Amino acid sequence: MKLPSSIRIIDLAPDYPVLQISHPLCSGTVALHGAHVMAWRPNDEEEVLYLSPQAVYTGGVPIRGGIPICWPWFNAHPNNKELPSHGLVRNVFWQLKGASESKDGVTIKLSFRKDNWQAALTIDMGKELVVSLQSYNPSNEKIKISGALHTYLNVGNIGQIRIRGLEASNYLDTVGPPIVRKQEGSIMFQNEVDRIYESSGITYLDDPVLKRTIVVEKSGSPSTVIWNPWKDKAAALKDLPDDAYLRFACIETSISNQSAISLNPADCHEISTKIRVVH
Ligand SMILES: O=P(O)(O)OC[C@H]1O[C@@H](O)[C@H](O)[C@@H](O)[C@@H]1O
C-alpha cells in the first residue's frame, strides 16, 4: 500500500511494524499489533496519551498504554476464565486496510477477522483524535459483544487531577467485592480506582499541572470505565514502572459485559471515542 507523505512505516522491533504520523496538525504512532494507538498529540500540546516506557513490543503481548482495543469482551471473559483478559484482538496483528491524509489530519483503517469475530477500526488523527470500532456479525447466529477503547491519558500528577461528567451516575466498584455505588461530585484519586460507570455522557479530565482539560466524547457506549491501579498493583505489573500510576488515568469508552450488545447476523455496532484538549 502506498502511504501518504505524513505517514511512514517502520519496524519498532523485528517484524513489529508501526505507523509514524508526522502531520502539520499532529504527530502520533499506531501499531498494527492490536490496532493500537500508542501516541498522539496536537503539535502545540504535550503528549495526550500515556505509554509505558516498559511496554513490550512482541507479538502476543498487549502494549501497556495508549489505546488498547479490548474486544469482544471486557476484562475477564464472562463465563470462561481460561480465555485472555480483555478479548482476542489486543495481542494480535491487524490488517492495514487504508491510510490517507488531508489538511485536517490522517485517517488509518485496520481490520480483524477470526472465525465469526470480525471488527474494523478507523483512526482519525488531527487536532482531535477519533477512534471508532465497528463490530460485525458475519455468522448465521446472534452474537454478543462487549469491550473497551481502553484509553490511558497522560497526566501531570494523579493526586491533583479531577474527572468531571460522571456526577450522579451509578457505578460498579470492582476494588474488593463488587458493589454498586452512586458518584457524589467529581472523581479524585487517592487510592486504586476500578469502576464501571453507567454513563454514555462526556467526561472531562482537569489537569492543573499540565494546565489543560482533556475532553472525552463518545458514542455507542453505555458504560465508562475509570481505572488507576495505584501503588501496589502498578508495582505488580512488569510492563509498568513502579511509580507510573502517578502519570496516567484511564477513561475507557466501553460496553461492560453486563450491558453486552446482541448483534443479529449481518448487523454492525460502532463505538467511538473523540478526544481533544482545551485550555
Ligand atoms: O492488565 P490489563 O489486563 O491490561 O488490565 C488492566 C485493567 O483494565 C481495566 O479496564 C480494568 O477495569 C481493570 O480491572 C484491569 O486491571
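Residues numbered from 1 in each chain as written. Predicted model: local features only at pLDDT ≥ 70, side-chain atom pairs only at ≥ 80, totals over all residues. Heavy atoms only, no water.

As annotated in an unreviewed UniProt entry, the protein carries the name Putative glucose-6-phosphate 1-epimerase and comes from Luteolibacter algae. According to the UniProt record, the Catalytic activity (unreviewed entry) comment for the protein is "alpha-D-glucose 6-phosphate = beta-D-glucose 6-phosphate". Under the Sequence similarities (unreviewed entry) heading, UniProt states for the protein: "Belongs to the glucose-6-phosphate 1-epimerase family." (UniProt positions renumbered as here; feature names shortened; annotations may be inferred.)

Enquirer: Explain the sheet that holds strand β3 (residues 26-31) to me, and be specific about the residues and the numbers.
Expert: With antiparallel pairing, the 4 strands of this open sheet are ordered in space as β1-β2-β3-β4. For this open sheet the edge positions go to β1 (7-13) and β4 (36-42), each flanked by a neighbour on one side alone. Taking each pair of neighbouring strands and ignoring which way they run, the sheet shows an average axis angle of 20 degrees. Bridge analysis of β3 against β4 gives 6 bridges, and the strand direction is antiparallel. Opposite S27, over in β4, you have R41 as the bridge partner. (Pairing = 2+ DSSP bridges. Helix = DSSP H or I, 4+ residues; strand = E, 2+ residues; numbered from the N terminus. Axes fitted to C-alpha atoms, helices over the stretch in contact; angles between N-to-C directions.)

Enquirer: With reference to specific residues and values, describe the environment of G220.
Expert: Along the chain, G220 turns up in the loop between β17 (212-219) and β18 (223-228). The exposure class of G220 is partly exposed, given its relative accessible area of 32%. Placed 33 residues apart in sequence, G220 and T253 show a C-alpha to C-alpha distance of 8.8 Å. (Buried < 20%, exposed > 50% of the residue type's maximum accessible area, 1.4 Å probe, protein only.)

Enquirer: Can you break down the pairing of strand β14 (residues 179-182) residue by residue, with the values?
Expert: With 4 bridges connecting them, strand β13 (residues 170-173) and β14 associate as antiparallel partners. Bridging across to β14, D173 finds its partner in I179. With antiparallel pairing between neighbouring strands as the criterion, β13 and β14 make up a hairpin whose turn holds 5 residues, including G176 at a positive phi of roughly 85 degrees.

Enquirer: Account for the sheet that holds strand β11 (residues 147-154), naming residues and giving values.
Expert: The 7 strands lie next to each other as β5-β11-β19-β18-β15-β13-β14, forming an open sheet whose pairing is antiparallel. At either margin of the open sheet sits one strand with a lone partner, and together these are β5 (69-70) and β14. Relative to strand β19 (residues 248-255), β18 runs antiparallel, the two being bridged by 5 bridges. Opposite W227, over in β19, you have C250 as the bridge partner.

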